[in-house]
Amino acid sequence: VQASSRENAGKSEQSCCANQLLAHKKVLVAEDTASIAYAMQHMLRGMGAEPVVAETGEKALELLRNPHQEHWDLLVLDSRLPGIDGLEVLRALRNGDTLSPAKTLAVIYTATTSDTFLRQCEALDADGVFLKPLSFKQLRHELEKLVTAKSAEKSTGCPGKPKNVTQEKSAIANMPETANTEH
């Protein structure tokens, strides 16, 4: 019984720490599918984050360029938004065309698996490319890994070379799954 209690305490401690990785972090979610945006907001709030949803790329850029907004800590960008797509939002961020730092953590959420698209993401220095369908459990796991790596990079001053997009594609595509998103 004691061993079981220690295991549960360890799991609870890990869960607690994982839930705090995004505590008080501002997260911009650019997602046009209402059900996915809602679920993503709920998941991010559960991780302690302060998510804001933009339904279009134009709205995401407006928020990124708003001088009354504090800087964003993380961007989760759907690759296929109406109007300006997620890659264009990422391009604007990386080119310094927003008020957020160009190195702000940014991931692309996509159903596109072409090598050309993945090379574009890599060229724009996407911190991650998550392939749909992806459960929110998987998305949460991947975001936790990215935030942990970014935090370690900041505290040590040693940039860790992130996986390239193709390796990330393989890792995500091969993860076991039970519940997928619908988009």
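Chemist: Give me the environment of Val29: which residues, what numbers.
Modeler: With respect to the helices and strands, Val29 occurs in strand β1 (residues 26-30). Given a relative accessible area of 1%, Val29 falls into the buried group. Each C-alpha atom, one on Val29 and one on Val53, is 4.7 Å from the other, the two residues being 24 residues apart in sequence.

Chemist: Mind laying out the side chain of Ser100, listing which residues take part and the relevant values?
Modeler: Tracing the backbone through its elements, the reader meets Ser100 in the loop between α4 (86-94) and β4 (105-110). Given a relative accessible area of 5%, Ser100 falls into the buried group. Here Trp72 takes part through its backbone nitrogen, which lies 3.5 Å from a polar atom of the side chain of Ser100. Apart from residues no more than four positions distant in its own chain, Ser100 is found in contact with Leu64, His71, Trp72 and Leu93.

Chemist: Help me get a handle on the pairing of strand β5 (residues 128-131), residues and values and all.
Modeler: Alternating residues of β5 divide into Gly128 and Phe130 and Val129 and Leu131, and every residue in both groups is buried. Considered for its hand, the β-α-β crossover made up of β4, helix α5 (residues 115-123) and β5 is right-handed.

Chemist: Please set out the nonpolar core residue by residue, giving values where relevant.
Modeler: Across soluble globular proteins, nonpolar side chains have a tendency to be buried as a group. Counting 25 residues, the largest nonpolar core has Leu28, Leu64, Leu75, Leu77, Leu90, Ile108 and Cys121 as the members making the most contacts within it. Elements supplying a minimum of two residues to this core: β1, α3 (57-64), β3 (74-78), α4, β4, α5 and β5. Of the residues forming this core, the biggest block, five residues, is contributed by α4. Excluding residues within four positions of it along the chain, Leu75 makes contact with Leu28, Leu64, Leu93, Thr104, Leu105, Ala106 and Val107.

Chemist: Can you break down α3 residue by residue, with the values?
Modeler: Listed in full, the buried residues belonging to α3 are Gly57, Ala60, Leu61, Leu63 and Leu64. One face of α3 carries all of its buried residues, which in axial projection span an arc of 160 degrees.

Chemist: Any chance you could break down the packing of aromatic side chains for me, citing the residues and the numbers?
Modeler: Per the stated rule, a full pass over the model turns up zero aromatic pairs. Note that Lys26 overlies the ring of Trp72, its terminal NZ or CZ placed 4.2 Å from the centroid.

Chemist: Quick rundown of the pattern of salt bridges? Include the residues and the values.
Modeler: Counted under the stated rule, the structure contains seven salt bridges. Its salt-bridge partner being Lys132, residue Asp78 comes within 3.1 Å of it at the nearest N-O pair. Placement of the pair is Asp78 in strand β3 and Lys132 in the loop between β5 and α6 (136-156), with a sequence separation of 54 residues. The class of Asp78 is buried, set by a relative accessible area of 2%. Since its relative accessible area comes to 9%, Lys132 is described here as buried. Among the ionic pairs, Glu144 bridges to Arg140, the shortest N-O distance being 3.2 Å. Here Glu144 pairs with Arg140, and both are found in helix α6, just four residues apart, close to one helical turn. Judged by relative accessible area, which is 23%, Arg140 ranks as partly exposed.

Each value, and the rule that gives it
- Residues numbered from 1 in each chain as written.
- Predicted model: local features only at pLDDT ≥ 70, side-chain atom pairs only at ≥ 80, totals over all residues.
- Heavy atoms only, no water.
- Helix = DSSP H or I, 4+ residues; strand = E, 2+ residues; numbered from the N terminus.
- Buried < 20%, exposed > 50% of the residue type's maximum accessible area, 1.4 Å probe, protein only.
- Polar contact = N/O pair within 3.5 Å; in protein donor to acceptor, adjacent residues only side chain to side chain.
- Contact = heavy atoms within 4.5 Å.
- Right-handed = clockwise from strand over helix to strand, strands pointing away.
- Core = buried A, V, L, I, M, F, W, Y, C linked by side-chain atoms within 4.5 Å.
- Arc of directions from axis to C-beta.
- Phe/Tyr/Trp six-rings, centres within 6.5 Å; stacked < 30°, edge-to-face > 60°.
- Lys NZ or Arg CZ within 6 Å of the ring centre and 35° of its normal.
- Salt bridge = Lys/Arg side-chain N within 4 Å of Asp/Glu carboxyl O.

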